[in-house]
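Listed below are the residues making up each chain.
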Amino acid sequence: MSLKLIANMVMLFAALTVFSQDNLYSSLTIPKDLKQNANAVIRLNEVVVSIKSSSEMSVKEKRIITVLNKKGNTNVDAYVHYDENVKIKTLEVLAFDAFGNEIKKIRKNDFKDVSAVDGGTLYSDSRVKYLEYTPIKYPYTIEFTSETITGNTAFIPSFTPINSYFVSAETSTYTINYPEHITIRKKEKNLENIDIETEAIAGSIFYKAKNLKAFKPEDYSPSITDFTPKVLFASKQFTLEGVDSVVENWDDFAKWMYHDLIKVTHDLPESTISDIQNLVKNETNDIDKAKKIYQYVQDKVRYISVQVGIGGWKPFNASEVDRLSYGDCKGLTNYTMALLKAANIESNYSVVYAGKSQRSIEEDFTSIQGNHVILNIPSDNEEDIWLECTSQKLPFGFIGDFTDNRDVLVITPEGGKIQRTKKYNTEENTQVTKGRYTVSNDGTITAEVNVKSKGIQYDDKYWLESETERDLDRRYKTRWSYINNMAIDNMSIENDKDSIVFNETLAFQATSYPKIVANRMLLTVNALNRNTHIPDRYRNRKLPLKIKRGFKDVDEVEIKLPQDYKVESLPAKKIIENKFGSYKAEVVVKDENTLLYKREFVVNDGEFPKEDYSKFRTFYKDVSKQDNAKVALIKKE
């Protein structure tokens, strides 16, 4: 054995001896199962929340995280938000190499310091200090230490051992200390089947979770917040920007919001009140009046983020929005509410978690929640109307997938209530395609198509009216990517906001569409709405199947066959029906040279066990197969 080999073995043995299982800075000590599906591993995360009084709170955090590859860089999360009411007491980072050797120390003044909001924000006093670190190689480990002090006790950090995909956690602890005269409420979520310790004594609550494996995202699954462990905390007595509050239920919370944050901002100028009353004087019902006022808002103001006021929760005064003609979601919603009030129309400021995930307000846990505000117009006889007041393009009463089908907090002067926003049912989310195409003897097709979209399918397309002709051309060629050599001759779109229907009319040509072999032509009959999507395959599916929004496609297309060919064989009529939806397709012979293709594809929304996923995927595969069914043509003799 060579001296060099002996020396290397000695060095390796020495390294393994030094880096014991207690060394959290070395990647060599990470348990094997925590590396599975992980881009980063949280070795230790300790959070200590200390509430000294209803108007004083400190938050200490120490997090050691090992980044295994480049994709894990985004999970370091070494940042702290601060403003006039949140002060940073401690902020430091230590960086270590794969063997646990310290390679860099970053102090508070070395962090990047920027505004905490994007360029669309007019003004904000919120800032963030964050780590900008470029590793030399992987893996590496970061130890992040911070402490903040604030007079706001309305936002108590949650215990969230895992909040991202591809991240595992070795040990995560959370402690909250508080005076005994303060009442702390908590809500536990998804703590079953994990290694967790808890302890609660007077004035202190403690949680410790260990060995949490990384989650890998899967198609058609619930949102990560629906299945990862979490404990929410809130104080009955809290202070927000100097405003003291005592809240036990949603009625208390809503009364506080309405009377302390909202009511005082309804100060429209008399001239604007007069303008609104003149605007609606000829309308005979409140809905038509509200439509005119909503259009007035869309024509007058624009959305721009404004992160000031009480923790970002108090809207700008209606008079300011009226004067400046801009505002954020709070300001524009509140402004619309004030205008409706001027016309004696009742409406309610409503707090929501916005986004496609359909996250709901926690109905059984009263606390400051949500990230967006919309407006509710109550109705005694029909469904309530919901208004998205930040959009200059959405139709009256249409909210789309941004705030649909979720629990929100509706705030009234008398108190608050949790209500469900509009759900767009499968039968409402329709796309109706009618068209015709002609096939020439050389395989060129000339097509005309009209597509009408409603519901969530309208939401998917209405923004196309703002696209340039060049961008529209590109998008349509992407939509029909299975048709090669497409040349669009004409395209026209119409956004019918009154009926909430999006109309698309196109004419195009494409060469070499069917396959020609000798005296036969194979024509894929579905040229205008072919399903090309097949959900990903999972050998060991972990998560349930969730279809958030259903839809229905109905197609009817007339096909003119080439003059020199006749039908040799047609695809058989196909019907598929199961709990996920249905599919029907048939080709009808109208005459010797004309076929009529009819198709209906329905997918139902719903939640299903993970065992159903393979059948759901098979359903999509079968649809895709049928959408590629071919008509066989043969040359006439």
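These numbers were taken from a predicted model, which means no experiment stands behind them. (Residues numbered from 1 in each chain as written. Predicted model: local features only at pLDDT ≥ 70, side-chain atom pairs only at ≥ 80, totals over all residues. Heavy atoms only, no water.)

Undergrad: Which residues make up the overall build of the protein chain, and what values do they have?
TA: A tally of regular secondary structure across the protein chain gives 11 helices and 38 strands. Dimensions along the principal axes, computed over C-alpha positions, put the protein chain at roughly 95 × 90 × 40 Å. When burial is assessed residue by residue, the protein chain has 51% of its 637 residues classed as buried. Restricting to contacts in the protein chain with at least 6 residues of sequence separation, those with at least 24 account for 71%. Summed over its atoms, the accessible surface of the protein chain is roughly 30900 Å², and 47% of this surface lies on carbon and sulfur atoms. Separation between the mean location of the 89 positive side-chain charges and that of the 92 negative ones in the protein chain comes to 6 Å. (Helix = DSSP H or I, 4+ residues; strand = E, 2+ residues; numbered from the N terminus. Buried < 20%, exposed > 50% of the residue type's maximum accessible area, 1.4 Å probe, protein only. Contact = heavy atoms within 4.5 Å. Areas by Shrake-Rupley, 256 points an atom, 1.4 Å probe, with all protein chains shown as cover. Lys, Arg positive; Asp, Glu negative; His and termini not counted. Charge placed at Lys NZ, Arg CZ, Asp CG, Glu CD.)

Undergrad: Before we move on, can you summarise the side chain of N495 with the specific residues and values?
TA: With respect to the helices and strands, the residue N495 is situated in strand β27 (residues 486-496). Contacts of N495, omitting those with residues within four sequence positions, involve K393, Y458, Y462, E465, V501 and F502.

Undergrad: Could you give an account of the packing of helix α4 (residues 270-279) against helix α5 (residues 286-300), naming the residues involved and the relevant values?
TA: Direction vectors running N to C along α4 and α5 enclose 130°, while the axes themselves pass 10 Å from each other. With respect to α5, the axis of α4 lies oblique. Seen along the crossing, α4 lies across α5 with a hand that is right-handed. Contact with α4, carried on its side by T272, I276 and L279, involves K292, I293 and Y296 of α5 and no other residues of that element. For the contact of α4 with α5, the class distribution of residues is four nonpolar, one polar and one charged. (Axes fitted to C-alpha atoms, helices over the stretch in contact; angles between N-to-C directions. Parallel < 35°, antiparallel > 145°, perpendicular 65-115°, else oblique. Left-handed = near helix turned anticlockwise from the far one by under 90°. Nonpolar A, V, L, I, M, F, W, Y, C, P; charged D, E, K, R; others polar.)

Undergrad: Any details on the pattern of salt bridges? Residues and values, ideally.
TA: Inspection of the entire model under this criterion finds 36 salt bridges. A salt bridge links K62 to E143; the shortest N-O distance between them is 3.8 Å. Placement of K62 in strand β2 (residues 56-67) and of E143 in strand β9 (residues 140-150) is noted, with a sequence separation of 81 residues between them. Taking relative accessible area as the criterion, K62 reaches 29% and is therefore assigned partly exposed. With a relative accessible area of 9%, E143 lands in the buried category. Salt-bridge contacts for E188 lead to K186; the nearest nitrogen and oxygen are separated by 3.4 Å. On the accessibility criterion, E188 (41% relative accessible area) is partly exposed. (Salt bridge = Lys/Arg side-chain N within 4 Å of Asp/Glu carboxyl O.)

Undergrad: Give a detailed account of the environment of A507, specifying residues and quantitative values.
TA: On the secondary structure map, A507 appears in strand β28 (residues 501-510). Spatially, the C-alpha atoms of A507 and G435 are 9.6 Å apart, while their sequence positions differ by 72 residues.

Undergrad: Describe the state of the cysteines, naming the residues involved and giving the relevant values.
TA: Covalently bonding the sulfur atom of one cysteine to the sulfur atom of another cysteine gives a disulfide. Enumeration according to the criterion identifies zero disulfides in this entry. Residue C329 stays outside any disulfide, its sulfur separated by 9.6 Å from that of C389, the closest cysteine. For C329, a relative accessible area of 10% translates into the label buried. (Disulfide = S-S within 2.5 Å.)

Undergrad: Explain the confidence of the model for the protein chain to me, using residue names and the numbers behind them.
TA: The predicted model of the protein chain has a mean per-residue pLDDT of 92, with 94% of residues at 70 or higher. Throughout residues 1-21 the model reports pLDDT below 50, and contacts reaching past four residues in sequence, or to other chains, amount to 11 contacts. Confidence over residues 118-124 falls short of pLDDT 50; this stretch has 16 contacts with residues more than four positions distant or in other chains. (pLDDT = per-residue confidence, 0-100.)

Undergrad: Any chance you could break down the environment of N604 for me, citing the residues and the numbers?
TA: Here N604 shows up in the loop between β36 (594-603) and β37 (606-608). In the structure, N604 is positioned 178 residues away from T426 in sequence and 6.1 Å away in space, judged by C-alpha atoms.

Undergrad: Let's hear about helix α11 (residues 613-627): which residues, and what values?
TA: For α11, which comprises 15 residues, the first-to-last C-alpha distance of 21 Å matches the rise-based estimate of 21 Å (1.5 Å per residue) to within 8%. Looking only at α11, the buried set comprises Y613, F616, R617, F619, Y620, V623, S624, Q626 and D627. Where α11 is buried, its residues touch β30 (520-524), β31 (545-547), β32 (551-560), β34 (574-578), β35 (581-591) and β36. (Expected span 1.5 Å × (residues − 1).)

Undergrad: I'd like a description of the sheet that holds strand β33 (residues 565-569), backed by residues and values.
TA: Strand order in the open sheet formed by four strands is β29-β30-β38-β33, with antiparallel pairing between adjacent strands. Each of the sheet's edge strands pairs with one partner strand only, and the pair in question is β29 (515-517) and β33. For this sheet, the mean angle separating the axes of adjacent strands, direction not counted, is 30°. (Pairing = 2+ DSSP bridges.)

Undergrad: So, the pairing of strand β4 (residues 86-96): which residues are in play, and what are the values?
TA: Each regular strand displays side chains that alternate between the two surfaces of the sheet. Bridge analysis of β4 against β9 gives 10 bridges, and the strand direction is antiparallel. Looking across to β9, one finds that F96 is bridged to T141. Where β4 lies against strand β5 (residues 102-107), five bridges are found, and the strand directions are antiparallel. Within the sheet, the bridge partner assigned to V93 lies in β5 and is I106. In this structure, the hairpin formed by β4 and β5 is closed by a connection of five residues, where G100 is found at a positive phi of approximately 90°.

Undergrad: Now, about the layout of surface pockets: what can you tell me, with residues and values included?
TA: If you add up the space inside the second largest pocket, you get close to 1200 Å³. Lining the second largest pocket are 39 residues, with Q431, Q457, D460, K461 and F551 positioned closest to its centre. Put simply, the parts of the chain that give the lining of the second largest pocket at least two residues each are β25 (430-439), α9 (456-459), α10 (469-479), β31, β32 and β36. The element that contributes the greatest number of residues to the lining of the second largest pocket is α10, accounting for five residues. Split by residue class, the lining of the second largest pocket holds 15 nonpolar, 12 polar and 12 charged. (1 Å grid on protein atoms, 1.4 Å probe; cavity = no way out; pocket = protein on both sides within 12 Å on 5 of 7 lines; lining within 4 Å. Points joined across faces, edges and corners; volume = space filled by probe spheres on them.)

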